[in-house]
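The residues making up each chain are set out below.
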Amino acid sequence: MSDNGVIFKATKDGLIIIMNKELEFDEIYNEINKKLISAGNFFKGASLGVKYRGRKLSEEEIKIICELMTQKTETTISSFEEETNNLGFNTDIKEENTIKENGFIKYDMRKETYSNDIKSILHSREEEGITKFYRGTVRSGQLISYDGNIVILGDVNPGAEIQAGGNIIVMGWLRGTVHAGMYGNDKAIVASLSLQPVQLRIANIITRPPDEQKYESPSVPEIAFVKDNMIFIESFLPQK
Amino acid sequence: MGEVIVITSGKGGVGKTTTTANVGVGLAMRNKKVALVDADIGLRNLDLVLGLENRIVFDLVDVVEGRCKLRNALVKDKRFDGLYLLPAAQTRDKTAVKPEQMIKLCNDLRKEFDFVLIDCPAGIEQGFNNAVVAADRAIVVTTPEVSAVRDADRVIGLLEAKELRNPRLLINRIRNDMVRRGEMMSIEDVKDILAVDIIGIVPDDEKIVISTNRGEPVITDGKSLAGQAYNNIARRILGEDVPLLDLEGHDEGFMLKLKKFLGIKN
């Protein structure tokens, strides 16, 4: 976010106003006013579909901003609404499809009904960013820490630790401790060809496998992500 | 004020970690508040023996470096109330902790717990110095092998130089059949060389391997002879006068077992 708390972002459909949540409406109003003045004739005569995010606005406030915009820029505001979901996917996952096992939450993979939901989660969380690649086995006592994403081309043994600001992908066995989104990004994911961590953390949420010795995780590639402040684990292969 | 006991040996692989775990559980079973401190930074094991690996969030180094409160780093045991583990850091090494920090840490633990058991790393370098610096008492673990006894002798000398007088000796992995055949040093032989009081003897028991792999200390297995031995050691630490385990008879013939079972004394 910029220092002044309001950002204008042009899209092919119109304009997105991104507001700093912390600011009072008065300040937002002033910032938008300044922006419009500095934009000069840029918007003149256009018909704009406006979306906003970062802060809730009341009907009253919307009206005030609309008036300000038409007045300052001589544009027509065709629509003014809150931006809901970045990609328009339905990311709601039904509660009844989840099983709780000692705090270790898994989707029941026998139910095929939500394969679309899995897809939507994968896509809505895809992020770009700098990535560290590590080739080889990460052994007990080794710590790999990186601000961006981490990809391990090898196994992660018990006692090893992987910490990333973003996502963690292990192209092998994951049997150590991992912490994705370590600065608090709960959109971060952990994926592995065999996900059997001693402990798995995403942002500030920590899970561990159940204590029963008999527990065996399925031998399919799995992905862990956060939803409703809980870590969920499921297969990321297409449902057959 | 609690008591800080260090469990050390000099030589590796003689059973320090197993002893720490089992004696700790033994004391906790007797309603004592016990903290187990893994001082083996970089090669932590005590959490595995206790089956608590997956509960670790912070560790000893986090505490001494002020990244978390001591209370937050203590892992509560899943079976026994009053038993807590302060795990070692795995991604650091022995130089991460200084003796002064260890003294402060132990003094903090002393206020909260009846017993603080420190699992000392093998060797006599900085890890050893950190582990023994705050201890009030020491238990030296050895096995009836010349190499282990030699290292125990060295460690007892170092402990005495550090004013930790009268350490107690734990002889681990005794095999009575071998002793009888003259193939293994007997308790007396070890005692003669080291000349310190014995706190307990623990027979060689394959259940130790099983219990270690499962993360369940063997002391919880009432049928195991090693478990009984550790129970006795816990009682002796609490000041009870318990005779040493009678290893004779446990590998004697069927008739002797039967006689014992029927209560017939020879």
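Residues numbered from 1 in each chain as written. Chains lettered and ligands numbered in written order. Predicted model: local features only at pLDDT ≥ 70, side-chain atom pairs only at ≥ 80, totals over all residues.

1. Concerning the overall build of chain A
The number of helices and strands found in chain A is three helices and 17 strands. The buried share of chain A, taken over its 240 residues, is 25%. Contacts spanning at least 24 positions in sequence make up 40% of the contacts within chain A whose residues lie at least 6 apart. (Helix = DSSP H or I, 4+ residues; strand = E, 2+ residues; numbered from the N terminus. Buried ≥ 20, exposed ≤ 12 C-beta atoms within 10 Å, placed from the backbone. Contact = placed C-beta atoms within 7 Å.)

2. Comments concerning the overall build of chain B
Helix and strand counts for chain B stand at twelve helices and eight strands. Taking 266 residues into account, the globule formula puts the C-alpha radius of gyration at 18 Å, and chain B, at 18 Å, falls close to it. Taken along its principal axes, the extent of the C-alpha atoms in chain B is 60 × 40 × 30 Å. For chain B, the proportion of its 266 residues judged to be buried stands at 48%. For chain B, contacts bridging at least 24 residues in sequence account for 75% of all contacts bridging at least 6. (Rg over C-alpha atoms; globule rule 2.2 N^0.38 Å.)

3. Some details on the interface of chain A and chain B
Put simply, an interface is often sized by how much accessible area is lost when its parts join up. With 13 residues of chain A at the contact, the number on the chain B side is nine residues. Looking at side-chain class alone, the side of chain A that touches chain B contains four nonpolar, six polar and three charged residues. (Nonpolar A, V, L, I, M, F, W, Y, C, P; charged D, E, K, R; others polar.)

4. Let's talk about helix α5 (residues 99-112) of chain B
Residue and element names in this part refer to chain B. For α5, with 14 residues, the first-to-last C-alpha span of 21 Å sits near the 20 Å given by 1.5 Å per residue. Of all the residues in α5, the buried ones are M102, L105, C106 and L109. Taken around the axis of α5, the buried residues stretch over an arc of 100 degrees, which confines them to a single face. Exposed residues lying more than 90 degrees from the buried face of α5 are E100 and K111. Elements in contact with the buried residues of α5: β1 (3-8), β2 (34-38), α3 (60-64), β5 (115-119) and α6 (126-132). (Expected span 1.5 Å × (residues − 1). Arc of directions from axis to C-beta.)

5. Observations regarding the packing of helix α1 (residues 25-39) of chain A against helix α2 (residues 59-73) of chain A
Residues and elements named next belong to chain A. In contact at an axis separation of 10 Å, α1 and α2 are set at 20 degrees when each is read in the N-to-C sense. The orientation of α1 relative to α2 falls into the category roughly parallel. Considering the relative orientation of α1 and α2, their crossing is right-handed. From α1, F25, Y29, I32, N33, L36, I37 and A39 reach across to α2, where they touch E61, I64, I65, L68, M69, K72 and T73. Broken down by class, the residue content of the contact of α1 with α2 amounts to ten nonpolar, two polar and two charged. (Axes fitted to C-alpha atoms, helices over the stretch in contact; angles between N-to-C directions. Parallel < 35°, antiparallel > 145°, perpendicular 65-115°, else oblique. Left-handed = near helix turned anticlockwise from the far one by under 90°.)

6. Brief notes about the pairing of strand β7 (residues 168-174) of chain B
All names here are of chain B. Counting buried positions along β7 gives six out of seven residues, so the element sits mostly inside the fold. With four bridges joining them, strand β6 (residues 137-142) and β7 adopt parallel strand pairing. Each bridged residue has a counterpart across the sheet, and for I139 the counterpart in β7 is R168. One crossover worth recording links β6 to the parallel β7 by way of helix α7 (residues 146-161), and it is right-handed. (Pairing = 2+ DSSP bridges. Right-handed = clockwise from strand over helix to strand, strands pointing away.)

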